[in-house]
Amino acid sequence: MNDYSTSSAWGSGAATYTADGRVLDAWFSRFGLGEPEGISELPVGRDELRDVEIRPIDVRVSSLAVAPVDAADVYLRLHLLSGRHVRPHEINVDGVFGHLSNNAWTDLGPVAATDLDETRLRARIKGHRLRVESVDKFPRMTDYVMPEGVRIADASRVRLGAHLAEGTTVMHEGFVNYNAGTLGASMVEGRISAGVVVGDGSDIGGGSSIMGTLSGGGKEVVSIGERCLLGANAGIGISLGDDCVVAAGCYVTAGSKVTLPDGRVVKARELSGADNLMFWVNTTTGVLEARSRSGSWGELNAALHSN
């Protein structure tokens, strides 16, 4: 059983409702853990182009260990993650997809994907050419929460519910999913899948990828420790401990056969979470190898992460 936080939470803001009462999104101008601090004072409004109503919303969650019950509850939990009130895996986010509407995220705001053509027509009649930025259940984080001390080169690549610690830089090709992210200053130029956490001082190289769960059918969530380097176009399906390096272009899944310095061959899952390892492909033999390492791979450039 997961050791989720039993803390209560609250949020006060505004939600977007369709004509038939569906919640398209919720934005909380104030939110936090524990007892609420007042109620929403945002005005009610109607958007004729999108055929939606904007209404004040106040959400209370008695325990974050209990799965969310509706879309507003989900949005509050995503805000808590991106606002750094909680870390990934500290709260229950089971069943979030079932509660969220599949929206067209437009320059006017969310529109139910099924209502997009009608909305586009109404907008054109009013002289507005609707711009659709994505069609997804999750919006981009920066439209709802902007944590301090981070840089994001392409906001569309960071979902609401991502947790970015102070000092994190996400470059143009970096991607961070919900309930995932960084726990300290990190460089993200590759993919951080749902559930994955990256430790302080680690660099996720360009084109690299971190699988969301232990590859090969397992349920263990993959993580990266502190001061690690995942090289360009590399990837992992196992966890890395602290001070590890995966060489550029090297992909290590749980079932990968790895040759050790003493000649033994093991499956990579046996090395999952170990500290001070370097994985690389021997360019002479083509064999995936792992060996102990010490010292620094160069570390992050402190000037680049003074955000």
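Residues numbered from 1 in each chain as written. Predicted model: local features only at pLDDT ≥ 70, side-chain atom pairs only at ≥ 80, totals over all residues. Heavy atoms only, no water.

**Examining helix α1 (residues 71-82)**
Spanning 12 residues, α1 covers 17 Å between terminal C-alpha atoms, matching the ideal 16 Å at 1.5 Å per step. The element α1 is extensively covered by neighbouring structure, given that 12 of its 12 residues are classed as buried. Where α1 is concerned, the buried positions are A71, A72, D73, V74, Y75, L76, R77, L78, H79, L80, L81 and S82. Looking at the buried side of α1, the elements it contacts are β1 (9-18), β2 (23-33), β4 (52-61), α2 (96-99), β5 (103-106) and β9 (162-163). Two or three places before A72, at the start of α1, stands the capping residue D70, its side-chain oxygen 3.4 Å from that residue's backbone nitrogen. (Helix = DSSP H or I, 4+ residues; strand = E, 2+ residues; numbered from the N terminus. Expected span 1.5 Å × (residues − 1). Buried < 20%, exposed > 50% of the residue type's maximum accessible area, 1.4 Å probe, protein only. Contact = heavy atoms within 4.5 Å. Polar contact = N/O pair within 3.5 Å; in protein donor to acceptor, adjacent residues only side chain to side chain.)

**Considering the sheet that holds strand β17 (residues 209-210)**
Strand order in the open sheet formed by five strands is β11-β14-β17-β20-β22, and the pairing between neighbours is parallel. The open sheet terminates on both sides in strands that have one partner only, identified here as β11 (175-176) and β22 (251-252). (Pairing = 2+ DSSP bridges.)

**So, the UniProt feature "binding site: Mg(2+)" (unreviewed entry) in the protein**
UniProt annotation of "binding site: Mg(2+)" (unreviewed entry) refers to E173 when read in the numbering used here. Within the secondary structure layout, E173 lies in the loop between β10 (169-170) and β11. Classification of E173 by relative accessible area gives exposed; the value is 55%. Beyond its immediate stretch of four places on either side in the chain, E173 contacts R157, E189 and G190. (UniProt positions renumbered as here; feature names shortened; annotations may be inferred.)

**Digging into the pattern of salt bridges**
Applying the stated rule across the entire model yields 14 salt bridges. Close ionic contact of E133 with R140 constitutes a salt bridge, the shortest N to O distance being 3.7 Å. Beyond isolated ion pairs, a larger network of salt bridges with shared partners links R131, E133, R140 and D143. (Salt bridge = Lys/Arg side-chain N within 4 Å of Asp/Glu carboxyl O.)

**Brief notes about the UniProt feature "binding site: succinyl-CoA" (unreviewed entry) in the protein**
Per the UniProt record, the feature "binding site: succinyl-CoA" (unreviewed entry) sits at R191, G206, S209, A232, G255 and K267. With a sequence span of 77 residues, these residues are also far apart in the fold, their greatest C-alpha distance being 26.0 Å. Along the polypeptide, G206 turns up in the loop between β16 (203-204) and β17. Dropping the residues within four chain positions of it, G206 is found in contact with E189, A232 and N233. Structurally, K267 is set in strand β24 (residues 265-267). K267 gets classed as partly exposed once you look at its relative accessible area, which sits at 41%.

**Brief notes about the layout of surface pockets**
Of the volumes computed, that of the largest pocket is approximately 440 Å³. In terms of lining, the largest pocket is formed by 26 residues, of which the most central are W105, P139, R140, D143 and Y144. Looking at the lining of the largest pocket, its residues break down into 13 nonpolar, five polar and eight charged. Here the lining of the largest pocket spans two domains, since at least three of its residues come from each of domain 1 (9-136) and domain 2 (151-304). Roughly 280 Å³ of internal volume is contained in the second largest pocket. Lining the second largest pocket are 14 residues; nearest its centre among them are Y4, H89, V93, N179 and G195. Across the lining of the second largest pocket, the residue classes break down as six nonpolar, seven polar and one charged. When residues of the lining of the second largest pocket are assigned to domains, at least three map to each of domain 1 (9-136) and domain 2 (151-304). (1 Å grid on protein atoms, 1.4 Å probe; cavity = no way out; pocket = protein on both sides within 12 Å on 5 of 7 lines; lining within 4 Å. Points joined across faces, edges and corners; volume = space filled by probe spheres on them. Nonpolar A, V, L, I, M, F, W, Y, C, P; charged D, E, K, R; others polar. Domains from an automatic or database assignment.)

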